[in-house]
Amino acid sequence: METNTALKLNMQTPEKMEVCINISNLNVSFDTTHVLKDITLDFQKNKVNCIIGPSGGGKSTLLRSLNRMNDDAEKIKTSGTVNFNNQNILNGVKNLTQLRKDIGMVFQSPCVFPKSIVENVLFGIQQHKKLTKTEKKAITEKNLKAVALWPEVHNRLKDSGTSLSIGQQQRLCIARALAIAPKVLLMDEPTSSLDPIATRSIENLMEQLKEQYTVILVTHNIAQAKRISDHVFFICNGQLIESGAKNAFFNNPKKAQTISYLQDETCICR
Amino acid sequence: MKRNVKNIAFKSVIWTAALVSIVTLLFLISTLIWKGFGAITFDFIFSESKNFGSEGGIIYQIIGSLLLTLCAALISFPLALGVAIYKSEYIKKRSLQTITDTIVFSLNGIPSIIFGIFGLIFFVNVLHTGISWFVGSIILAIMILPTIILSSYQSIISIPISYRENAMALGMTQWQVIRTVIIPRSIDGAFTGLLLGLARAIGETAPIMFIATAFSGVTFPRSLVEPVSTLPTHILALAQQATNPQALENAWGSSLVLVTLVFMFSISALVRRIQYSKINY
């Protein structure tokens, strides 16, 4: 009886929020340029977390801080904390391989290696563990199905990955990132080089992916954020201006900068 | 109208440049064939030389040249690729990059006779190796290092950054990125460098004449510290007997064989590159 009540209560709460990555006071600078200023935010688990904002505002730097892709940049200075899996990934994580296995990434333009489709899917995972033939087959099929590419390519898996269309290539890149079984998927403007149809298919894909993965998407396309985000973060000039659940953010923005940006995509922060 | 004149002028300059190069090359090759072809017989290629080369053939000179250059390739190729990878992937500081660049360029600028003298002093006199074909290979390997390094390095830095980033984002270690992305994508350029280096090495006389070769009485070496005879040093020896028409003809014949070997290197490297590109692209 008690369990039943608890269940009912649980269902009544609007939506259960679970934090996947917590960032506090993140500052990143390259040489003398202060790119991210005191960013504090939470990315929600199993949601599409959308980072929007004008170009050069620090969106990509924020995203790349999450899997430490900026580490090799010259004269980079980072402070603050980024907590994931009860660890500050900025200095607590020594094993970048494990971090990047947990937090996968898809880039702006699809980068397919000059290998076959199947070799592309297995490109990352093969470096982490030895796979049997059956496992290779299963992983390829599972991940190509996950990105809805399987029906299009299942009879030509040995063909070169570069023979695919740009939209298919981007889905192949997502399949490659999913094959290493990450918990979080970072997507840095993954549709900016795609045509509208390919863009829609990637967006639909994100909707499905969030059931299993936490998606953190950078986009400067406000319409796209409206279509697929669950939670929105507006970053401008290196600062987090405003954030919130999709409906609240778009229907009732609080800050003048946000209103201006949502109206005509101009930034009044600088 | 003015534009047209400029276009025509530019075109004719380019045509002239191309024509001059092609005609010079054709002239050299046809002279070689004209003068040398008469000497080429089965016996000439497959028998050993007698009487300081004025009689007999050049089989041991061919073997010596191939042995020296192939061994030089085996030594220098991995070394050069390693240097190029280290330079592109591990040296981050600009000042260190400039220093390594200067070192590589300086090594490339050293006249080949200096390598010969260095080999003579360091290996023969200090290490007491004696006249050794293997020392000759080491010297040739050092000599062609810069060519292979520069060509490999160029092809490594032309790999788009996105390849590295995508591989790193898949959790690969630096070594895995090097093994799966950097080396496969740059080996092509490294081979081109190797080909250029070998084509230079096989024709060199100065670096090896004091340390690795003997002018007569040489057969197949049975140890690392025996001399060989090579085509360039053989041609040198024959040219010194210019009053003997048979020696002179043999010199032309040997030159033709040498150029053919260089040509074969080029063709095999080209075939290798085509095969490689079929697999990967």
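Worth saying up front: this structure is predicted, and the values here are computed from it rather than measured.

A. Highlighting the overall build of chain B. Helix and strand content of chain B: eleven helices and two strands. Tracing chain B from N to C terminus, the helices and strands come up as α-α-β-β-α-α-α-α-α-α-α-α-α. Along the longest, intermediate and shortest principal axes, the C-alpha atoms of chain B span 65 × 65 × 35 Å. Out of the 281 residues in chain B, the part that is buried amounts to 43%. Residue pairs in contact within chain B that sit at least 24 positions apart in sequence constitute 76% of those at least 6 positions apart. For chain B, the exposed surface amounts to about 15,000 Å²; the carbon and sulfur share of it is 72%. The positive charge centre, built from 18 side chains, and the negative charge centre, built from 10, are 18 Å apart in chain B.

B. Structural context of the interface of chain A and chain B. Contact with chain A, which involves 22 residues of that partner, is made by 19 residues of chain B. Where chain A packs against chain B, one counts one salt bridge. The shortest N-O distance in the salt bridge between B:Glu165 and A:Arg64 comes to 2.4 Å. At the boundary of chain A and chain B, one finds six residue pairs in polar contact (both at pLDDT 80 or more). Counting only elements with at least two residues in the side of chain A that touches chain B, the list comes to helix H3 (96-102), strand S6 (103-106), helix H5 (125-128) and helix H8 (166-179) of chain A. Among the residues forming the side of chain A that touches chain B, the class breakdown is eleven nonpolar, five polar and six charged.

C. A look at the nonpolar core. In this structure, A:Ile21, A:Ile23, A:Phe43, A:Leu62, A:Leu144 and A:Ile174 are the most contacted members of the largest nonpolar core, which totals 139 residues. Looking at this core, the element that brings in the most residues is helix H6 (residues 133-157) of chain B, giving 13 residues. Aside from chain neighbours lying at most four places away, what touches A:Ile174 is A:Val106, A:Val147, A:Leu185, A:Met187, A:Ile202, A:Leu205 and A:Leu209.

D. Spatial organisation of the packing of helix H3 (residues 59-90) of chain B against helix H10 (residues 231-239) of chain B. Residues and elements named next belong to chain B. Across the interface, H3 lies against H10 with an axial gap of 8 Å and an inter-helix angle of 135°. Relative to H10, the element H3 is oriented oblique. The residues of H10 that touch H3, namely those facing Gln61, Ile62 and Ser65, are Leu231, Pro232 and His234.

E. Examining the domain arrangement of chain B more closely. Residues and elements named next belong to chain B. What the domain assignment reports for chain B is domain 1 (1-39) and domain 2 (41-280). When each unit is reduced to the centre of its C-alpha atoms, the spacing between domain 1 and domain 2 is 29 Å. With eight residues of domain 1 at the interface, the matching set in domain 2 holds nine residues. Carbon and sulfur atoms supply 78% of the area buried between domain 1 and domain 2, which totals about 740 Å² over both sides. On the domain 1 side of the contact with domain 2, Leu32, Lys35 and Ala39 bury the most area, a combined 70% of that side's loss. At the boundary of domain 1 and domain 2, one finds zero salt bridges. Connecting domain 1 to domain 2 are one residue pair in polar contact (both at pLDDT 80 or more). Residues belonging to the side of domain 1 that touches domain 2 are distributed by class as follows: four nonpolar, three polar and one charged.

F. Geometry of the environment of A:Gly104. Residues and elements named next belong to chain A. Within the secondary structure, Gly104 sits in strand S6. Distance in space between the C-alpha atoms of Gly104 and His231 is 20 Å, their sequence separation being 127 residues. When residues no more than four places from it in sequence are discounted, the contact partners of Gly104 are Pro182, Val184, Leu185 and Leu186.

G. View of the pairing of strand S7 (residues 184-188) of chain A. Residues and elements named next belong to chain A. The buried fraction of S7 amounts to five of the five residues, a majority that puts the element mostly inside the structure. Burial along S7 is two-sided: Val184, Leu186 and Asp188 facing one way and Leu185 and Met187 facing the other are all buried. The sheet contact formed by S7 and strand S8 (residues 214-219) spans five bridges and is parallel. The residue bridging Asp188 from the neighbouring strand is Val218, located in S8.

H. Broad picture of the state of the cysteines. Residues and elements named next belong to chain A. Applying the stated criterion across every chain yields a total of zero disulfides over all chains. The closest cysteine sulfur to the non-disulfide-bonded Cys173 is located on Cys111, 6.4 Å from its own sulfur. The class of Cys173 is buried, set by a relative accessible area of 5%.

I. Looking closely at empty space enclosed by the protein. Scanning all chains against the criterion turns up three cavities of 30 Å³ or more. Roughly 70 Å³ of internal volume is contained in the second largest cavity. Forming the walls of the second largest cavity are A:Met105, A:Val106, A:Phe107, A:Ser109, A:Gln170, A:Cys173, A:Arg176, A:Ala177, B:Asn166, B:Ala169 and B:Leu170. With four residues, H8(A) is the largest single contributor of residues to the lining of the second largest cavity. Of the residues contributing to the lining of the second largest cavity, the split by class is seven nonpolar, three polar and one charged.

J. Seen up close, the layout of surface pockets. Considered as a void within the structure, the largest pocket measures approximately 820 Å³ in volume. Surrounding the largest pocket, 28 residues form its lining, A:Asp72, B:Glu89, B:Lys92, B:Arg164 and B:Met168 being those nearest its centre. Mapped onto the lining of the largest pocket, the elements with two or more residues apiece are H3 of chain A together with H3, H6, helix H7 (161-169) and helix H8 (174-202) of chain B. The greatest single-element share of the lining of the largest pocket, amounting to four residues, is contributed by H7(B). When the residues that make up the lining of the largest pocket are grouped by side-chain class, the tally is eleven nonpolar, seven polar and ten charged.

Criteria and thresholds
Residues numbered from 1 in each chain as written. Chains lettered and ligands numbered in written order. Predicted model: local features only at pLDDT ≥ 70, side-chain atom pairs only at ≥ 80, totals over all residues. Heavy atoms only, no water. Helix = DSSP H or I, 4+ residues; strand = E, 2+ residues; numbered from the N terminus. Buried < 20%, exposed > 50% of the residue type's maximum accessible area, 1.4 Å probe, protein only. Contact = heavy atoms within 4.5 Å. Areas by Shrake-Rupley, 256 points an atom, 1.4 Å probe, with all protein chains shown as cover. Lys, Arg positive; Asp, Glu negative; His and termini not counted. Charge placed at Lys NZ, Arg CZ, Asp CG, Glu CD. Salt bridge = Lys/Arg side-chain N within 4 Å of Asp/Glu carboxyl O. Polar contact = N/O pair within 3.5 Å; in protein donor to acceptor, adjacent residues only side chain to side chain. Nonpolar A, V, L, I, M, F, W, Y, C, P; charged D, E, K, R; others polar. Core = buried A, V, L, I, M, F, W, Y, C linked by side-chain atoms within 4.5 Å. Axes fitted to C-alpha atoms, helices over the stretch in contact; angles between N-to-C directions. Parallel < 35°, antiparallel > 145°, perpendicular 65-115°, else oblique. Domains from an automatic or database assignment. Buried area = accessible area lost by both parts, 1.4 Å probe. Pairing = 2+ DSSP bridges. Disulfide = S-S within 2.5 Å. 1 Å grid on protein atoms, 1.4 Å probe; cavity = no way out; pocket = protein on both sides within 12 Å on 5 of 7 lines; lining within 4 Å. Points joined across faces, edges and corners; volume = space filled by probe spheres on them.

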